[in-house]
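# Residue-level structural notes
Below, each chain spelled out in residue letters.
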Amino acid sequence: MLKENSLKGKNIIVTGGGTGLGKSMGKYFLELGANLIITSRKLEVLEKSADELEKETGGKVLPVACDIRKYDEILNVIEQSESKFGQIHGVLNNAAGNFISPTERLSHRAFDIVVDIVLRGTYNFTLATGKNWIEKKQPGTFLNIVTTYAWTGSGYVVPSACAKAGVLSLIRSLAAEWAKYKIRSNAIAPGPFPTEGAWERLFPADVAEKIDPLKRIPLKRFGDHQELANLAAYLMSDYSAYVNGEVVTIDGGEWINGAGEFNGLEAVPQEMWDKLEKMRSRKK
Ligand code: HXC
Ligand code: NAP
């Protein structure tokens, strides 16, 4: 979508960048000329992805293992990134943990595990990088991946909903506070985009059969990774230099469809509308 070299010379860290959406967005950043640092807990996964991405794009990828719940490990990612590429220009806070469960069946540790990855991990990464940029008087861009239920809430993924709401609040708050340091903060709220990580945890076959997530989406299809990557690259690039504190939804109209009182009337067939119209004209 963007012009060639739109991210030329930018060094971008993608958390959770070895799999799923993080890998797809990172690939497009590379195609647009960025250098990429990918980080998550599993080094073998990162190394394999880094290799693939370098071969596919001809770009440079540094894989660094890091559990984003641990502040020291994040400082190590920043140090390694700077020594390999120099100044960091952007952070895509994309790593997450999630699963479906009735809330009353969760242990407090299960609640902790999701909130710790999603909220603590994201504020840890944001704080560590933000301090680094402010101290060095460098501008920077944060882009955080949330979900549409960050503002509506959602049953059966309550720890994730609480944590994503916190992440959204984090970027909106910092958009106001850190703009004076030339640090921008934005978010993307994707609807369903098929990935192994999300599908195996959120839509296992038996469950998907019962709820059919496609039925909820007015465009009647899931998102394509490149569509998300296009938006992420724009928000990471200087083309969006005046966008700050925004969350952009990319969900085929899913959440608004669920919210509109009468959108369910989609199920009413044309013949029934004809019948209702006849009844109405007879009454006149
Ligand atoms: C209930 C569960 C559970 C489940 C784990 N737990 N899975 N409870 N239902 N399905 C509980 C365990 O019993 C344990 O509590 C505690 O959580 C920690 O479990 P561990 O397995 O030890 O955790 P760990 O190995 O660290 O794995 C973390 C994880 C895992 C979050 C559970 O799923 C993970 O690594 N996820 C990373 C990737 C991911 O989730 N990707 C999907 C993002 S998709 P006890 O009390 O027994 O000790 C996404 C999309 C949103 O966010 C929107 C879609 C439209
Ligand atoms: P995914 O492939 O499972 O991505 C999650 C990533 O987070 C993995 O690479 C995982 O790697 C990493 N991670 C988990 N815990 C971590 C930790 N403690 N420290 C560092 N990294 C950690 O799933 P995805 O679908 O691509 O999700 C990516 C993002 O999109 C998430 O924020 C998710 O909430 C969001 N999202 C996805 C969808 C969708 O439909 N797919 C919809 C809305 C929002 P390790 O296991 O190696 O640590």
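For the structure itself, look to the data block above.
First, a word on what this report is: a plain description of the structure on this page. What you see is a predicted model; the values in this text were computed from it and never measured.

Quick look at the overall build of the protein chain now. From N to C terminus, the protein chain includes eleven helices and seven strands. Seen along its three principal axes, the alpha-carbon backbone of the protein chain occupies a region of about 80 × 45 × 40 Å. A fraction of 75% describes how many contacts in the protein chain between residues 6 or more apart in sequence connect residues 24 or more apart. Accessible area for the protein chain stands at about 15,200 Å²; split by element, carbon and sulfur atoms hold 53% of it. Charged side chains in the protein chain number 36 positive and 34 negative. The centres of these two groups are separated by 4 Å.

Neighbouring ligand 2 are 27 residues, the closest being Thr19, Ser40, Arg41, Asn94 and Thr195. Asp67 is positioned with one of its side-chain polar atoms (N or O) 2.9 Å from a nitrogen atom of ligand 2. Considering ligand 2 on its own, with 880 Å² of exposed area, one finds that the protein chains cover 90% of that surface. Of all the secondary structure elements, the ones that give two or more residues to the shell around ligand 2 are helix 1 (20-31) and helix 7 (196-202). Tallied by class, residues from the shell around ligand 2 come to 13 nonpolar, nine polar and five charged.

Thresholds, definitions, all that
Residues numbered from 1 in each chain as written. Chains lettered and ligands numbered in written order. Predicted model: local features only at pLDDT ≥ 70, side-chain atom pairs only at ≥ 80, totals over all residues. Heavy atoms only, no water. Helix = DSSP H or I, 4+ residues; strand = E, 2+ residues; numbered from the N terminus. Contact = heavy atoms within 4.5 Å. Areas by Shrake-Rupley, 256 points an atom, 1.4 Å probe, with all protein chains shown as cover. Lys, Arg positive; Asp, Glu negative; His and termini not counted. Charge placed at Lys NZ, Arg CZ, Asp CG, Glu CD. Near = heavy atom within 4 Å. Polar contact = N/O pair within 3.5 Å; in protein donor to acceptor, adjacent residues only side chain to side chain. Nonpolar A, V, L, I, M, F, W, Y, C, P; charged D, E, K, R; others polar.

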